[in-house]
Every structure is written in structure tokens, then in C-alpha cells.
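Listed below are the residues making up each chain.
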Amino acid sequence: MLNDSIYCSMMKNALGFIVLENARSQPSLILDAMASKTQIFAFKKQMFNSELVSYEFVYVYEDIVKLVKGITSYIEGSLPSLTEEGYSYAQKNSLKNIGPQIIEAYQKVSKGE
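What counts, and at which threshold
Residues numbered from 1 in each chain as written. Predicted model: local features only at pLDDT ≥ 70, side-chain atom pairs only at ≥ 80, totals over all residues. Heavy atoms only, no water. Helix = DSSP H or I, 4+ residues; strand = E, 2+ residues; numbered from the N terminus. Buried < 20%, exposed > 50% of the residue type's maximum accessible area, 1.4 Å probe, protein only. Areas by Shrake-Rupley, 256 points an atom, 1.4 Å probe, with all protein chains shown as cover. Polar contact = N/O pair within 3.5 Å; in protein donor to acceptor, adjacent residues only side chain to side chain.

J.: Is there a simple way to think about the overall build of the protein chain in this case?
T.: Scanning the protein chain from N- to C-terminus turns up 4 helices and 3 strands. Reading the protein chain from its N terminus to its C terminus gives the helix and strand order β-α-β-β-α-α-α. Here the protein chain, with 113 residues, has 35% of them falling under the buried criterion. Accessible surface, the protein chain: about 7400 Å² in total, of which carbon and sulfur atoms supply 57%.

J.: Help me understand the side chain of S94, please; the structure alone is not making it clear to me.
T.: Structurally, S94 is set in the loop between helix 3 (83-92) and helix 4 (95-110). Looking at S94, its side chain comes within polar contact range of the main-chain oxygen of Q91, at 3.2 Å.

Given below as C-alpha cells:
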């Protein structure tokens with residue numbers, strides 16, 4: 001656990017996280033990458049839940065050749081990191097911050113409200 005209570009997995013020291021398939025079914029992996037300050041690269045933007053991922057912190061490419069070029073540019077330093085923006089999103093949506101809302105919703109449902 002980090003001092004600021006954002007969960008980070010083994011992804012913490014990764015250079016990048018590449019999403020090649022539909023990320024709608026795996027939002028926790030995307031949040032994990034953001035919390036770990038790992039740059040996210042994705043293939044095809046329609047694969048994301050718009051409420052989860054802002055394209056301000058994910059590089060999205062429409063074909064594999066462009067994806068590879070983008071990753072190469074990032075490694076070479078000519079493409080800026082967007083990890084701080086993703087980290088801020090993960091911080092705002094951490095369990096510490098949204099946990100009380102989840103508990104409140106659960107209590108309402110259990111009372112039949």
C-alpha cells in the first residue's frame with residue numbers, strides 16, 4: 001500500500017500497459033495502471049467506457065502499426081507521459097474516496113429504498 005492509499009500492483013514499475021482487447025470488462029486493470037502511474041496505450045478507442053477513461057491520459061490508436069509507432073515514440077521520449085492525469089483520476093476514484101458512497105448505496109438497497 002502506498003502512503004496515499006492508492007493500490008498499486010506489480011504494474012508499478014512497468015513502462016506501459018497495452019490494451020489490445022475490449023477494456024469494458026476490465027475497468028480494474030485500467031484503474032490499476034493509472035494508480036501505478038503506468039502509461040496506457042490502447043488499440044481502438046471505442047473499446048473503453050467513456051465514463052472510466054478520458055482520452056486525456058490514454059494514447060489510443062486505430063491500427064497496430066500506429067500503436068507500435070506510438071509506443072516507440074514514448075520509449076524514445078518524443079511522446080509525453082500522460083500518467084499524472086491518469087493518477088489523479090485513480091486518486092479521485094479510490095476506495096477511500098468513493099467507499100462512503102458505495103456503503104450508502106448498499107444501505108439504501110438493503111433497506112429497500
